[in-house]
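Report on the structure
Listed below, chain by chain, are the residues.
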Amino acid sequence: MEYNFFATISRMKYIERWALMRNSRSENLSEHSLEVAMIAHALCVIGNVRYDKHLNEDKAALIGLYHDASEIITGDMPTPVKYYNPDIREAYKQVEAIAEYKLLEKLPSDLRPAYEEIFRGNVSVDDTYMRRLVKAADKISAYIKCIEEEKSGNTEFSTAKYTISRSIEKLRQELPEVNDFVNEFIPSYGKTLDELS
């Protein structure tokens, strides 16, 4: 029997993000997912080391890698459209759920439960908190993209940067891991290689 889950997942590299914006450098879904995975992992490590949490940082990284996989089927829905009103947002959530189900169907049945756990999770308190950190990592990754675009002289991302920064400010008050990451790591983004050295 032949299964095409991973061949389909590998197509993340063809999904361009920020479709409605002029980009100085395009970003694809694979790049974004890798960055989200690394940031989600770091947020969980911060939570475990500094705040006595018991978060599975490896699972957070995996969730980050697959968090937008449904966009292989749906495409990247622009934020102004996705959040235009609650009805559209709810309808899009249903479309995402169907797309995830379609992806999971591309796995052998004995492997499917392991990937359902990554895509859907469980109801434990630690899992719910960890998934909040993955969503925060997604916002932080978008904010980093805005910093990079602005640093390259592209003012197209100014409004997005402001809107995302407001969301992150709220998260910083609710999630101490986000506050620490923003304070300690975000200032380095946008620096030149010489400045980072």
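Above: the structure in question.
The structure displayed is predicted, hence computed values, not measured ones. (Residues numbered from 1 in each chain as written. Predicted model: local features only at pLDDT ≥ 70, side-chain atom pairs only at ≥ 80, totals over all residues. Heavy atoms only, no water.)

Relative orientation of the contacting elements helix α2 (residues 29-51) and helix α3 (residues 57-66) amounts to 155 degrees, with a least axis distance of 7 Å. When the axes of α2 and α3 are compared, the pair comes out roughly antiparallel. Between α2 and α3 lies a crossing whose hand is right-handed. Where α2 approaches α3, its residues S33, L34, V36, A37, A40, H41, C44, V45 and N48 are matched on the opposing element by E57, D58, A60, A61, G64 and L65. Split by residue class, the contact of α2 with α3 holds nine nonpolar, four polar and two charged. (Axes fitted to C-alpha atoms, helices over the stretch in contact; angles between N-to-C directions. Helix = DSSP H or I, 4+ residues; strand = E, 2+ residues; numbered from the N terminus. Parallel < 35°, antiparallel > 145°, perpendicular 65-115°, else oblique. Left-handed = near helix turned anticlockwise from the far one by under 90°. Contact = heavy atoms within 4.5 Å. Nonpolar A, V, L, I, M, F, W, Y, C, P; charged D, E, K, R; others polar.)

On to helix α7 (residues 112-120). Restricting attention to buried positions, one finds in α7 the residues Y115, I118 and F119. Taken down its axis, α7 places every buried residue within 95 degrees of arc, on the same side. Lining the buried residues of α7 we find α1 (5-9), α3, α6 (86-104) and α8 (125-151). Positive phi appears at G121, one or two residues downstream of α7, with a value of about 80 degrees. (Buried < 20%, exposed > 50% of the residue type's maximum accessible area, 1.4 Å probe, protein only. Arc of directions from axis to C-beta.)

Moving on, we get to the pattern of salt bridges. Per the counting criterion, the structure on display carries 14 salt bridges. One salt bridge connects R50 with E184, and the closest N-O pair in it is separated by 2.7 Å. With R50 in helix α2 and E184 in helix α10 (residues 176-185), this residue pair connects regions lying 134 residues apart in the sequence. By sharing partners, the salt bridges in this structure join K59, E117, D127 and R131 into a single network. (Salt bridge = Lys/Arg side-chain N within 4 Å of Asp/Glu carboxyl O.)

The next point concerns the packing of aromatic side chains. Counted according to the given criterion, the structure contains eight aromatic pairs. Between F6 and Y115 the ring centres are 6.0 Å apart and the planes differ by 75 degrees, which places this aromatic pair in the edge-to-face class. One end of the pair, F6, is in helix α1; the other, Y115, is in helix α7, with 109 residues separating them in the sequence. Take Y115: its relative accessible area is 19%, and that puts it in the buried class. Measuring from centroid to centroid gives 6.1 Å for Y66 and Y115, while their planes differ by 85 degrees, and the two rings are edge-to-face. Pair noted here: Y66 is in helix α3 and Y115 is in helix α7, with a separation of 49 residues, a long-range link. (Phe/Tyr/Trp six-rings, centres within 6.5 Å; stacked < 30°, edge-to-face > 60°.)

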